[in-house]
Amino acid sequence: KVSSVIKAIDYATRNGADIFILSFMNFNYSQGVQEAIERAHKAGVIVVAAAGNEQEGQGYDTGKTAIYPACYDGDLGENMVIGVAATDALDQKATFSSYGFRCVDISAPGVSFFGTIPRGADKENLHSYYGGFWSGTSMAAPLVSGTLALIAQANPELSRREIVNILFASTDNISRLNPNYLGQLGNGRLNVDKAVEMAKASLYSKT
């Protein structure tokens with residue numbers, strides 16, 4: 001429900017969240033959600049969102065089909081939401097992942113994540129406690145939000161803008177592996193180690 005999303009965003013903002021992730025997709029624009037994200041952005045929160053999936057096709061071009069909340073950005077072009085596309089084990093765009101110049105800011109691995117399933121969650125596999133090789137931009141987006149937290153922890157002196165800049169500057173260029181999606185997978189594929197090292201180097205340079 002849209003009202004629940006707005007309440008959750010405002011709750012996180014009021015309670016001092018530094019980063020939060022919106023791991024769902026919708027085709028319908030909501031002024032209420034837009035305003036809630038604007039409130040979070042003004043409060044200094046970094047908002048991360050999954051870019052969305054199309055399981056039967058090649059993903060959605062967000063320049064033609066807006067995917068929310070990844071496409072909720074400011075009226076003046078301010079990037080209020082970090083949209084995350086998914087890549088596979090070969091650093092190529094996952095077939096299902098959305099892409100596009102407009103709403104995708106970074107890519108991250110999003111294929112074959114092993115997760116936990118409590119007994120009874122899947123009625124066809126009641127014998128198994130664990131299972132599910134999950135894939136989706138909802139797998140990729142948490143890697144980005146987690147990396148943002150690591151950057152902030154590595155150098156507590158960084159501003160929000162500096163944290164995001166390091167995230168983007170530390171990515172690996174995967175353009176040659178994705179010739180059909182040049183410029184449409186954001187700044188590159190997430191590199192956690194490089195991001196943290198850049199944050200630490202920025203801290204040490206001031207000592």
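Residues numbered from 1 in each chain as written. Predicted model: local features only at pLDDT ≥ 70, side-chain atom pairs only at ≥ 80, totals over all residues. Heavy atoms only, no water.

K.L.:
It is not clear to me how the state of the cysteines should be interpreted in this structure. Could you clarify?
P.N.:
Here is the idea: a disulfide is a covalent bond, and it sits between the sulfur atoms of two cysteines. Counted by the stated rule, this structure contains 1 disulfide. The side chain of cysteine 71 participates in a disulfide bridge whose partner is cysteine 103; the two sulfur atoms lie 2.0 Å from each other. Residues cysteine 71 and cysteine 103 share a disulfide whose torsion about the S-S bond is about 115°; that sign makes it right-handed. Here cysteine 71 is found in the loop between strand E2 (46-50) and strand E3 (81-87), whereas its partner cysteine 103 is found in the loop between E3 and strand E4 (106-109), with 32 residues between them in sequence. Judged by relative accessible area, which is 5%, cysteine 71 ranks as buried. By relative accessible area, which is 2% here, cysteine 103 ends up buried. (Disulfide = S-S within 2.5 Å. Helix = DSSP H or I, 4+ residues; strand = E, 2+ residues; numbered from the N terminus. Buried < 20%, exposed > 50% of the residue type's maximum accessible area, 1.4 Å probe, protein only.)

K.L.:
Before we go on, may I ask you to explain the sheet that holds E4 in this structure?
P.N.:
In sheet architecture, strand pairing relies on hydrogen bonds along the backbone and comes in two forms, parallel and antiparallel. With parallel pairing, the 4 strands of this open sheet are ordered in space as E1-E2-E3-E4. The open sheet has two free edges, formed respectively by strand E1 (19-22) and E4, since each of these has just one partner strand. Neighbouring strand axes in the sheet, compared pairwise and without regard to direction, differ in orientation by 35° on average. When E1 meets E2, the two strands line up parallel, connected through 4 bridges. Considered in E2, the bridge of phenylalanine 20 is made with valine 47. Of the strands in this sheet, E1, E2, E3 and E4 are in contact with helix H3 (residues 137-154), which crosses E3 at around 125°. (Pairing = 2+ DSSP bridges. Axes fitted to C-alpha atoms, helices over the stretch in contact; angles between N-to-C directions. Contact = heavy atoms within 4.5 Å.)

These results come straight from atomic positions and should not be treated as a statement about function.
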